[in-house]
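Structural features, examined
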Amino acid sequence: MLFSRSNTKKHLLSGVVGLAMLSLMAPMAVAEESILGATWLAEDIKGQGVIDNLQTTLEVSRDGAVSGLAGCNRFNGAPTIDGQAISFGPLAVTRMACLPAVDAQEDRFLEALSQTHSYRFEGSFLLFLNPEGEEMIRFTKLSH
């Protein structure tokens, strides 16, 4: 079968329109959220809230190393991450003197990290969960 120039244009145009229609009808692919390469801000620790204007953060680098600010002291380490499972071994933590309320939040945060066994995303929140599935820490993304 021979195509004229106008026939070829019609076929090309109908193919492009067809692909556009398929892409509109196909479900949108949602990018899988990742804890890697982001800095996370603690919004709640063990159901007791957090001190306003005190940033407790956790950064998980793309290679899986973890670091952050526990309140007034910095920490770092190498968690084990396997799918949705995450656990934190011993963390290196500086030991500067802090106000008692800051110390209490910092201790609660570090204890919650040691009790974390998995994570999941809930809307814009990253949740760290204990083995029973109870929320230990609720984070929001700060950057990246």
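Before reading on, note that the structure itself is shown above.
Owing to the predicted nature of the structure, the values given are computational and were not obtained by experimental measurement. (Residues numbered from 1 in each chain as written. Predicted model: local features only at pLDDT ≥ 70, side-chain atom pairs only at ≥ 80, totals over all residues. Heavy atoms only, no water.)

This paragraph deals with the pattern of salt bridges. All chains considered together, the criterion is met by 4 salt bridges. Residue Glu122 is joined to Arg120 by a salt bridge in which the shortest nitrogen-to-oxygen separation is 3.0 Å. Residue Glu135 pairs with Arg138 through a salt bridge whose shortest N-O separation is 2.8 Å. Exposure remark for Glu135: the relative accessible area of 26% places this residue in the partly exposed category. When salt bridges with common partners are traced through the structure, they connect Arg120, Glu122, Glu135 and Arg138 into a single cluster. (Salt bridge = Lys/Arg side-chain N within 4 Å of Asp/Glu carboxyl O. Buried < 20%, exposed > 50% of the residue type's maximum accessible area, 1.4 Å probe, protein only.)

So, about the pairing of strand E2 (residues 57-60). Relative to E2, strand E1 (residues 38-45) runs antiparallel, the two being bridged by 4 bridges. Considered in E2, the bridge of Trp40 is made with Leu58. Across 2 bridges, the pairing between E2 and strand E3 (residues 66-69) is antiparallel. Looking at the pairing, Glu59 lines up with Ser67 of E3. Linking E2 back to E3 in an antiparallel pair, the connection comprises 5 residues, with Gly64 at a positive phi of about 95 degrees. (Pairing = 2+ DSSP bridges. Helix = DSSP H or I, 4+ residues; strand = E, 2+ residues; numbered from the N terminus.)

Structural measurements only, silent on function.
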